[in-house]
Amino acid sequence: MCISFAVIGYLFGSIIFGAIISKITKKDIRNSGSKNIGGTNVSRILGMPIGILVSVLDALKGYLAVIICWVIFRYTVFNWLTPNTSIHLYPIIYIAGVFAVVGHCWPLLFLIILFKNKFDFQKAKTKSGGKGVSTTGGILFAISPWLGLIAFGTFVCVVIITRYVSLSSMICMFIPVFMIFIPTLQYIYLFDNSLLYTGQYSPNISTQIILMMMMLCNSSIIIVRHKTNIVRLLQHKEKRIF
């Protein structure tokens, strides 16, 4: 089951909407601006509306990966075991979220080229994906709308104050990780949705820690993908959005 969720998440993540838009518009996004295929660079090359569209689609694939795995979990594991046992296994659905981010950053085509060229990362790099921010945002909304809104609100505030998209992206993905322990937020987690799970359930501390660790994995991937941005920020060479 865990492997199935990982595969589902990875395949969803491997749909690179920036590359699709690049093909449709016949604009080579990978060789323009920051050369990244994510929504920020698409905004610079093709305009803000198309950049926002790419970001929303990238978020949607992370959201759907988790939702689909929850439905699979709800009608398989949940029915096979007793509710008290199966509901505590629900964090395995977020494996799909972690791998959706992995797939977004290093999609299937990247792996194919990497293996075909005997692990030549320079050749495979031309087919790498984005930095995982929007996809992680979609996953946060799947965990709890509050966490998603907190991340989005943090992003907007930091962008307005600093005008750095990269810095805002990194900060907004780390803050919600530790807010998962706020009791009020647990009442609108996905698994408390009466459409999917009829019953009263409040996660215990071990469940919350597992969720936090998975969210930290996503945030760590984002930091790794922003390493060049971090260097430019430290050198005061990072471009501001306005």
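Residues numbered from 1 in each chain as written. Predicted model: local features only at pLDDT ≥ 70, side-chain atom pairs only at ≥ 80, totals over all residues. Heavy atoms only, no water.

**Focus on the overall build of the protein chain**
Line of reasoning, step 1. Across its full length, the protein chain holds 14 helices and 0 strands.
Line of reasoning, step 2. Ordered by position from the N terminus, the helices and strands of the protein chain form the series α-α-α-α-α-α-α-α-α-α-α-α-α-α.
Line of reasoning, step 3. Taking all 242 residues of the protein chain together, the buried fraction comes to 48%.
Line of reasoning, step 4. Of the contacts formed within the protein chain by residues at least 6 apart in sequence, a portion of 71% connects residues at least 24 apart.
Line of reasoning, step 5. Total accessible area computed for the protein chain in this model is approximately 12400 Å², and 70% of it derives from carbon and sulfur atoms. (Helix = DSSP H or I, 4+ residues; strand = E, 2+ residues; numbered from the N terminus. Buried < 20%, exposed > 50% of the residue type's maximum accessible area, 1.4 Å probe, protein only. Contact = heavy atoms within 4.5 Å. Areas by Shrake-Rupley, 256 points an atom, 1.4 Å probe, with all protein chains shown as cover.)

**A word on the pattern of salt bridges**
Any two side chains of opposite charge can pair, so long as their charged atoms come close to each other.
Line of reasoning, step 1. Under the counting rule described, the total for this entry stands at 2 salt bridges.
Line of reasoning, step 2. Between Lys61 and Asp58 there is a salt bridge, with its nearest N and O atoms 3.5 Å apart. Here the residue Lys61 and the residue Asp58 both occupy positions in helix H4 (residues 48–75), the gap between them amounting to 3 residues, near one helical turn. As far as burial versus exposure is concerned, Lys61 and Asp58 are alike and both buried.
Line of reasoning, step 3. In this structure, Glu238 and Arg232 form a salt bridge, with 2.7 Å as the shortest nitrogen-oxygen distance.
Line of reasoning, step 4. We classify Arg232 as partly exposed; its relative accessible area is 30%. (Salt bridge = Lys/Arg side-chain N within 4 Å of Asp/Glu carboxyl O.)

**Considerations on unusual backbone geometry**
Line of reasoning, step 1. With a phi angle near 65°, Arg163 is a residue other than glycine that sits in the positive phi range.
Line of reasoning, step 2. Phi at His236 takes a positive value of approximately 60°, unusual for a residue other than glycine.
Line of reasoning, step 3. Locating His236 in the fold gives a position in the segment after helix H14 (227–234).

**Comments concerning a nonpolar patch on the surface**
Line of reasoning, step 1. Among the surface-exposed residues, Leu60, Tyr63, Leu64, Ile68, Phe141, Trp146 and Leu149 lie close enough to one another that they form a single nonpolar patch of about 600 Å² accessible area.
Line of reasoning, step 2. For the nonpolar patch, the elements supplying multiple residues, two or more each, are H4 and helix H11 (145–162).
Line of reasoning, step 3. Sort the elements by how many residues they give to the nonpolar patch and H4 lands first, with 4 residues.
Line of reasoning, step 4. Within the secondary structure, Ile68 sits in helix H4. (Patch = residues over 30% accessible without salt bridge, like charges linked within 9 Å, V, L, I, M, F, W, Y side chains within 5 Å.)

**Some points on the confidence of the model for the protein chain**
Line of reasoning, step 1. Per-residue confidence for the protein chain gives a mean pLDDT of 83; residues scoring 70 or more make up 87%.
Line of reasoning, step 2. Averaged pLDDT values for the elements of the protein chain fall to 60 in helix H6 (residues 83–86) and rise to 94 in helix H7 (residues 95–105).
Line of reasoning, step 3. Note on residues 193–201: pLDDT under 50 across the span, and 15 contacts to partners over four residues away in sequence or across chains. (pLDDT = per-residue confidence, 0-100.)

**Looking at helix H12 (residues 165–179)**
Line of reasoning, step 1. For H12, with 15 residues, the first-to-last C-alpha span of 22 Å sits near the 21 Å given by 1.5 Å per residue.
Line of reasoning, step 2. All buried positions along H12 are accounted for by Val165, Ser166, Ser168, Ser169, Met170, Cys172, Met173, Pro176 and Val177.
Line of reasoning, step 3. Residues of H12 that are buried make contact with helix H3 (39–46), helix H10 (133–143), H11, helix H13 (205–225) and H14. (Expected span 1.5 Å × (residues − 1).)

**Some words on the nonpolar core**
Line of reasoning, step 1. Membership of the largest hydrophobic core comes to 36 residues, with the highest contact counts inside it found for Phe5, Phe73, Tyr90, Ile93, Tyr94, Met173 and Met215.
Line of reasoning, step 2. Elements with a minimum of two residues in this core: helix H1 (2–13), H4, H7, H10, H11, H12 and H13.
Line of reasoning, step 3. Ranked by residue count, the leading element in this core is H13, at 6 residues.
Line of reasoning, step 4. For Phe5, the residues in contact, after removing those within four places along its chain, are Cys69, Ile72, Phe73, Ile92, Ile93 and Ala96. (Core = buried A, V, L, I, M, F, W, Y, C linked by side-chain atoms within 4.5 Å.)

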